[in-house]
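Each chain, written out:
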Amino acid sequence: MSTRVEKPRSAEVDRAIRLRLYQLMVELRDFEQRAYELFLENLVRGTSHLALGQEAIAAGYAVAMRADDYTFCTYRGHGHTLARGASMAAAMAELLGRGNGMLHGKGGSMHLTDVSHGAMGSYAIVGAHLPIAAGAAWSAQARKSGQVAVCFFGDGTTNIGAFHEALNLAVVWKLPVVFVCENNQYMEYTPIRSVTAVEHPAADRASAYGLEPILVDGNDADVMYGTALRTIGKARDGGGPSLVEAVTYRHGGHSRADPATYRPEAEVREWLSRDPVKRYRERLLAAGVGEAELSEIDARAQQKVDAATEEARQGAPARVDEIERQVWSDGGSAWRN
Amino acid sequence: MAELSFREAIAAGIAQEMERDPLVYFIGEDVGAAGGVFKATVGLFERFGPERVRDTPISEQAIIGAAMGAAMTGLRPVAEIMFSDFLATCWDMVANQVAKTRYMTDGQVSLPLVIRTANGGGTRFGAQHSQSLENWAMAVPGLKVVAPSTPADAKGLLAAAIRDPDPVLVFEQKSLYGIKGEVPDGEHVDQLGTAAVRRTGQDCTIVALAAMVPKALAAAQQLESLGIDASVIDVRSLVPLDTRTILGDVRRTGWLFTVEENPRLCGWGAEIASIVADECFDDLDGPIVRITTPHIPLPAADVLEDMAMPSVDRIVETVKGGMR
Ligand SMILES: Cc1ncc(C[n+]2csc(CCOP(=O)(O)OP(=O)(O)O)c2C)c(N)n1
Ligand SMILES: [Mg+2]
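Only a predicted model underlies this, so the values are computations on that prediction, with no experimental measurement involved.

What counts and how
- Every chain is numbered on its own, with residues counted from 1 as its sequence reads.
- Each chain gets a letter, beginning with A, and each ligand a number, beginning with 1, in the order they are written.
- Since the coordinates come from a predicted model, pLDDT governs what is reported: local features require at least 70, and pairs of side-chain atoms require 80 or more to be given and counted, while whole-chain, interface and lining totals use all residues.
- Just so you know, side-chain values use all the structure's heavy atoms and leave hydrogens and water out.
- For each residue, the test is whether any non-hydrogen atom lies within 4 Å of the molecule or strand; if one does, the residue is near.
- Within 3.5 Å is the distance limit for a polar contact, defined as a pair of N or O atoms, with the added protein rule that one can donate a hydrogen and the other accept it, and that residues adjacent in sequence qualify only through two side-chain atoms.
- Residue burial considers only the protein chains on display, and all accessible areas are found by Shrake-Rupley using a 1.4 Å probe.
- Residues were grouped as follows: Ala, Val, Leu, Ile, Met, Phe, Trp, Tyr, Cys and Pro as nonpolar; Asp, Glu, Lys and Arg as charged; and all remaining residues, including Gly, as polar.
- Strands are labelled as partners when DSSP assigns at least two bridges between them.
- Elements are defined by DSSP. Helices are runs of H or I of four residues or more, strands are runs of E of two residues or more, and each kind is numbered from the N terminus.
- Here an axis means a line fitted to C-alpha atoms, over the contact stretch when the element is a helix, while the angle between two N-to-C directions is reported on a 0 to 180 degree scale.
- Residues count as neighbours in contact if any of their non-hydrogen atoms are within 4.5 Å of one another.
- Residue types Ala, Val, Leu, Ile, Met, Phe, Trp, Tyr and Cys, when buried and joined through side-chain atoms within 4.5 Å, form a set referred to as a nonpolar core.
- Throughout, exposure labels follow a simple rule: accessible area from a 1.4 Å probe, protein chains only, divided by the maximum for the residue type, with under 20% read as buried, over 50% as exposed, and the rest as partly exposed.
- Note that the domain bounds reflect an automated or database-derived domain assignment.
- The charged-residue count follows a simple rule in which Lys and Arg add positive charge and Asp and Glu add negative charge, with His and chain termini not counted at all.
- Criterion for a salt bridge: a side-chain nitrogen of Lys or Arg within 4 Å of a carboxyl oxygen of Asp or Glu.
- Buried area is a sum: the accessible area each of two parts loses on coming together, probed at 1.4 Å, counted once for each and added.
- Relative orientations are named as follows: roughly parallel for angles under 35 degrees, roughly antiparallel for angles over 145 degrees, roughly perpendicular for angles from 65 to 115 degrees, and oblique for any other angle.
- When the near helix sits turned anticlockwise from the far one by under a right angle, the crossing is termed left-handed; a clockwise turn instead gives a right-handed crossing.

A. Spotlight on the site of ligand 1. Residues and elements named next belong to chain A. Close contacts around ligand 1 come from 15 residues, with Tyr75, Arg76, Gly156, Thr157 and Glu188 the closest. Interatomic distance of 3.1 Å between a backbone N/O atom of Val126 and a nitrogen atom of ligand 1. Within the complex, the protein chains bury 73% of what would otherwise be the 580 Å² of accessible surface of ligand 1. Looking at the shell around ligand 1 residue by residue, the classes come out as seven nonpolar, five polar and three charged.

Structure, rendered in structure tokens:
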């Protein structure tokens, strides 16, 4: 198999960007951690799918994107939405079902969206958003706007038809879209390798669409940032789509309070030792960034999450008069006269 | 007024809107140089070019997904699903994504897109190329649904659908593609959510949709010779639904018959029957009667298909028997 994991190219990323990557990863980490605590307090009802451990992918891409680029992500989308600059308080309030939530309580954890920041939605039917992202890229191409759509999805998504339909269409129409498979190695509870015909669920499929196989370390923010620059740049320059497989691991369970006992202990230990946030912190220290500067970033992230949590908790419950609003663009839901 | 076939009227409707608005794009399988398998879009490719009239792979999810992604970012796409039966392969896109995203994001996303599809039976194609599926779409909050019965409506409702800021499914009954009718000259834009009274009678109200409208009209003519003067209302738009026109007519005649091509259960006529029963029960002179295809997959052989679908004779017999 010609597919190989790309080596980190750390030295190429400049200091300010690296600090930004670190800050973003810490914020996403702290947000998810807090969301989990609130879930255990029964304040987050329904469900939530955390991306603890997958922060480098969201950060790497978000930092490389232009402000008007489009992000499409899954139900595991808190990080991707926040990384584009969406309000943390509004996201937290949405998780809590509050009226000051990002979607006023109508979407919930699995559907965070902030179009004003290019976060075009979190989609909860596996695979659905790949064709939709291709459509946004088609629109950018037609309008000659120079925008790029980036679409994040899991390893399990590579076995659904929409993945293949979207890739084929994107290549045939040479669309400015980047498909990023976050291979966290599990679907809900089942390892991807046990149900997939190839070893690398996305990268090994790339050649079927005439694409270069791109298999990268999804726990390395520098690698992810570099990959993002390259693939987004290619799309923006009219070079068409890319398919990236970023190998990673989720630190927690699939959703809610899933204890993830289906994963071997040694495997979990091994991956925790490759924690993208810790690892990046160590790399920055080794590169000469002062401990004080990093601690300051850590502290500010905590404050930001604290403030967001407080604002969300202060929010009134979702307003019941929202129920019949915004089915149609006239703001209402009338279906008869 | 010019006489156009239904299929020419479809092409004229799309052309009118593509001419007016450069953000209108049209995609689907075999819609480019081929002009569509039903030849309902002949000439568009030549007129607007391969960027705006674009062939797709046989990927229904990609077609609707692409239309959705484009609609939420500034285009006004028209997507064709060759046969409505194929909607089943992209129903996630239609029912979960297109229909719900505006609501779930509390209005952050607008979806001005049109899905056109050839619908219905009468062509001996068998159960996977003949279904009448407009009631599937009607059952999903967030979708507007129209089904024209005349060339003029085909153009006018399609144009209205393209201009509408919300997702609209346009069901084109394929046995109607060849019919001819007068279409207003110049720009023609109709209004969604309006029924049309095709015939005003004193004795009963027959409500029909798409290909069932000409049948209901033919039945009304026969009923007249039997001394029954029937109104025929063309529903045209299932969502929004013009209940005012229907209720008004039923209040006057006291009798309601629906003529539905869809299989029996949960057909659109059931919803109308329920509304009428709720809101003008006291004006009714007898039970509401639904005339539908039986609850079966549609068979292919001509004798079987003709027997299954509501026919002029069945409408006449049912109305006559019902009002006895
Ligand atoms: C079409 C569809 N089938 C099944 C599910 C239920 N489901 C939700 S998440 C999930 C696992 C998806 O795995 P993957 O794509 O690897 O993403 P991850 O959750 O690991 O981020 C499944 C099966 C779904 N939401 N949609
Ligand atoms: Mg996974």
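B. How the structure looks around the sheet that holds strand 3 (residues 53-55) of chain B. The seven strands are arranged 3-2-4-5-7-6-12 (chain B) in an open sheet whose pairing can be described as mixed. The strands lining the two open edges of the sheet, one partner per strand, are strand 3 and strand 12 (237-239) of chain B. Direction aside, neighbouring strands of the sheet carry axes that sit 20 degrees apart on average. Of the strand pairs in this sheet, strand 6 (residues 144-146) of chain B and strand 7 (residues 168-173) of chain B are connected by three bridges, and their pairing is parallel. When the bridges of strand 7 of chain B are listed, Lys144 of chain B appears paired with Val168 of chain B. Where helix 5 (residues 129-143) of chain A meets the sheet, it contacts strand 2 (24-28), strand 3 and strand 4 (76-83) of chain B, and its direction lies at approximately 130 degrees from that of strand 2 of chain B. The strands that helix 7 (residues 151-163) of chain B touches are strand 2, strand 4, strand 5 (114-119), strand 6 and strand 7 of chain B; relative to strand 5 of chain B, the one it contacts most, it runs at about 150 degrees.

C. Representation of the nonpolar core within the structure. With 144 residues, the main nonpolar core has Phe72 and Phe179 of chain A together with Ile64 and Ile206 of chain B as its most contacted residues. The residue makeup of this core includes at least three contributed by each of domain 1 (2-183) and domain 2 (196-322) of chain B. Leu21, Ala56, Ala58 and Val180 of chain A belong to the second-largest nonpolar core, a separate cluster that totals 65 residues.

D. Up close: the side chain of Asp155 of chain A. All names here are of chain A. Tracing the backbone through its elements, the reader meets Asp155 in the loop between strand 3 (149-154) and helix 6 (161-172). Here Asp155 occupies a buried position and makes no salt bridge, while the nearest side chain of opposite charge, Arg250, is found at 7.4 Å. Within polar-contact distance, the side chain of Asp155 engages the backbone nitrogen of Gln185 at 3.3 Å. If we skip the residues at most four places from it in the chain, Asp155 touches Cys181, Glu182, Asn183, Asn184, Gln185, Tyr186, Met187, Ile192 and Pro201.

E. Representation of the environment of Pro263 of chain B in the model. Tracing the backbone shows Pro263 of chain B in strand 13 (residues 256-263). Since its relative accessible area comes to 28%, Pro263 of chain B is described here as partly exposed.

F. Quick peek at the domain arrangement of chain B. All names here are of chain B. As assigned here, chain B comprises domain 1 (2-183) and domain 2 (196-322). Listed as interface residues are 25 residues of domain 1 and, on the opposing side, 28 residues of domain 2. When domain 1 packs against domain 2, the two sides together hide about 2,000 Å² of surface, and 57% of this comes from carbon and sulfur. By the criterion of area lost to domain 2, the three top residues of domain 1 are Arg124, Asn135 and Met138, representing 30% of everything that side buries. At the junction of domain 1 and domain 2, the tally comes to four salt bridges. With a shortest N-O distance of 2.8 Å, Arg124 and Glu305 are connected by a salt bridge. Mapped onto the side of domain 1 that touches domain 2, the elements with two or more residues apiece are helix 6 (134-138), strand 6 and helix 7. A per-class count over the side of domain 1 that touches domain 2 returns nine nonpolar, 12 polar and four charged.

G. The packing of helix 1 (residues 15-40) of chain A against helix 2 (residues 55-64) of chain A, seen in detail. Residues and elements named next belong to chain A. With their axes 9 Å apart at the nearest point, helix 1 and helix 2 run at an angle of 135 degrees to one another. On the basis of the axis angle, helix 1 is oblique to helix 2. Considering only the axes of helix 1 and helix 2, their crossing is right-handed. Mapping the contact onto sequence places Ile17, Arg20, Leu21, Leu24, Met25, Leu28 and Arg29 in helix 1 and Glu55, Ala56, Ala58, Ala59, Gly60, Ala62 and Val63 in helix 2.

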